[in-house]
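The lines below spell out each chain.
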Amino acid sequence: MSDWFPVVRAWIVQGPLGGVLDLMSSADPGRPLVPGQEFTLAMTLTPSGGAYRTYGYILDDMLGDAVVLGDLQGFRLLKNGRHAAFASGTEPFTATCTVKVKADARDGAMMLPRVVVGLMPFQGDKLIPCSGIEDRGFWVRRHSVPGRALHLHPGAQVTLPADAEQGLRRAGVGIPRRGTLHCAPDGTVTYQAPAAYHGYDFFTCTYEDQDGHSVQSEVVVHIGDLALSPGAMGALHG
């Protein structure tokens, strides 16, 4: 499973018996999910010591309402909403399911899988579980606009187009700390660098799609000779 991304690991030890649960994802938790996206979760149980069964659970309390789990392979959906699987003896077992992000999932919605691994030493024994464990989560972002870096001479200006990729149009801009901005009726934005300043400046741009969903992107402006402002600290020069 070298092409998969780790999400969370849990383990339990009870005398000579032990068990490890690894939850992996075909989607990178470091990147946002988009509405309509589908990916796979795989839960691998690795027992040791020969317990009768090693159980693994994905809890439903932090999955959120933005996703739906389906196509259960090796999982069983319990009445309490948990997804469960087990390994027998010392044989590892992997269960998989698909995760679909709802088409109407809101921006910023979170999915944080929490898992539990437990041991049943002998048939009929009470389950010995670990505490609920979570590590890496997912979030929904309908659009993503990369940041932009500009390098200008003091007093120079640059005009940014009104549109971004993916059919997005600029809906607003933040206020820069040093320079000035002029917004034209056609949606373009012109940044004017201060004439007596060497260093960094920045401002944010907000973009919207046709349905009103918005996303922000940051513009960083390098002004003048950065050797005159070591450590990226702004400095006024008159």
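The written sequence of each chain sets the order in which its residues are numbered from 1. With pLDDT at 70 or above as the cut-off, local features in this predicted model cover only qualifying residues; side-chain atom pairs require 80 or more to be listed or tallied, and sums for whole chains, interfaces and linings still use all residues. The basis for every side-chain value is the complete set of non-hydrogen atoms in the structure, without hydrogens or water.

### With respect to the pairing of strand β7 (residues 83-88)
Whether two strands pair depends on DSSP finding at least two bridges between them. Under the scheme used here, helices are H or I runs from DSSP no shorter than 4 residues and strands are E runs no shorter than 2 residues, and both carry numbers assigned from the N terminus. Note: strand β4 (residues 53-59) against β7, 6 bridges, orientation antiparallel. What sits directly across from G56, in β7, is A85. Both strand β6 (residues 76-77) and β7 contribute to a ladder of 2 bridges, which runs antiparallel. What sits directly across from L77, in β7, is H83. With antiparallel pairing between neighbouring strands as the criterion, β6 and β7 make up a hairpin whose turn holds 5 residues, including G81 at a positive phi of roughly 90°.

### Side note on the environment of R31
Among the secondary structure elements, R31 is positioned in the loop between β2 (17-25) and β3 (38-48). Buried means the residue's accessible area, taken with a 1.4 Å probe over protein chains only, is under 20% of the maximum for its type, while exposed means over 50%, and partly exposed covers the values in between. Taking relative accessible area as the criterion, R31 reaches 58% and is therefore assigned exposed. Separated by 93 residues in sequence, R31 and G124 have C-alpha atoms that sit 43 Å apart.

### Quick word on the nonpolar core
Taken as a class, soluble globular proteins show a tendency for nonpolar side chains to be buried jointly. In terms of nonpolar packing, the biggest core is built from 41 residues, with L21, L23, F39 and M111 touching the most fellow members. For this core, the secondary structure elements donating two or more residues are β1 (5-14), β2, β3, β4, β5 (67-73), β7, β8 (93-101) and β10 (114-120). A per-element tally of this core places β10 first, with 5 residues. Residues V145, L152, A193 and Y207 belong to the second largest nonpolar core, which totals 15 residues. Put simply, buried Ala, Val, Leu, Ile, Met, Phe, Trp, Tyr and Cys residues joined by side-chain atoms within 4.5 Å make one nonpolar core.

### Details of the sheet that holds β8
The 5 strands are arranged β1-β2-β3-β8-β5 in an open sheet whose pairing can be described as antiparallel. Among the strands making up the open sheet, the edge pair consists of β1 and β5. The sheet shows a mean angle of 20° between the axes of neighbouring strands, direction not considered. Judged from the 5 bridges that link them, β5 and β8 form a sheet pairing that is antiparallel. Paired with L69 across the two strands is V99, which belongs to β8. Note on geometry: axes are lines fitted to C-alpha atoms, helical ones only across the stretch in contact, with angles between N-to-C directions running from 0 to 180 degrees.

### Some points on the packing of aromatic side chains
Centre distance within 6.5 Å is the pairing criterion for rings of Phe, Tyr and Trp, where only the six-membered ring of Trp is used; planes under 30 degrees apart are then read as stacked, over 60 as edge-to-face, and the remainder as tilted. Tallied over the full model, the rule gives 4 aromatic pairs. With centroids separated by 5.2 Å and ring planes inclined at 35°, the aromatic side chains of F39 and F138 adopt a geometry described as tilted. A residue pair is termed long-range when its members are at least 10 positions apart, and F39 in strand β3 and F138 in strand β13 (residues 138-139) qualify at 99 residues. For the pair shown, F39 and F138 are each scored as buried. Between Y55 and F86 the ring centres are 5.5 Å apart and the planes differ by 50°, which places this aromatic pair in the tilted class.

### Details of the sheet that holds strand β17 (residues 180-183)
Spatial ordering of the open sheet is given by β15-β18-β17, a layout of 3 strands whose pairing is antiparallel. Unpaired on one side and paired on the other, β15 (157-160) and β17 mark the two borders of the sheet. The sheet shows a mean angle of 20° between the axes of neighbouring strands, direction not considered. Both β17 and strand β18 (residues 189-192) contribute to a ladder of 4 bridges, which runs antiparallel. Across the sheet, residue L181 finds its bridge partner in β18, namely Y191.

### With respect to the side chain of T190
Among the secondary structure elements, T190 is positioned in strand β18. With a relative accessible area of 16%, T190 lands in the buried category. Excluding anything up to four places from it in sequence, T190 contacts Q157, V158, T159, T180, L181 and H182. The contact rule is simple, with two residues in contact once any of their heavy atoms fall within 4.5 Å.

### Focus on the pattern of salt bridges
What counts as a salt bridge is simple: a side-chain nitrogen of Lys or Arg found within 4 Å of a carboxyl oxygen of Asp or Glu. Counted according to the given criterion, the structure contains 4 salt bridges. Of the charged contacts, one joins R114 and D61 as a salt bridge, the two residues approaching to 3.0 Å between their closest N and O atoms. Placement of R114 in strand β10 and of D61 in the loop between β4 and β5 is noted, with a sequence separation of 53 residues between them. Accessibility expressed as a relative area gives 47% for D61, which makes it partly exposed. The residue E134 makes a salt bridge to R114 at a minimum N-O spacing of 2.9 Å. Highlighted residues: E134 in strand β12 (residues 133-134) and R114 in strand β10, separated in sequence by 20 residues. The class for E134 is partly exposed, based on a relative accessible area of 33%.

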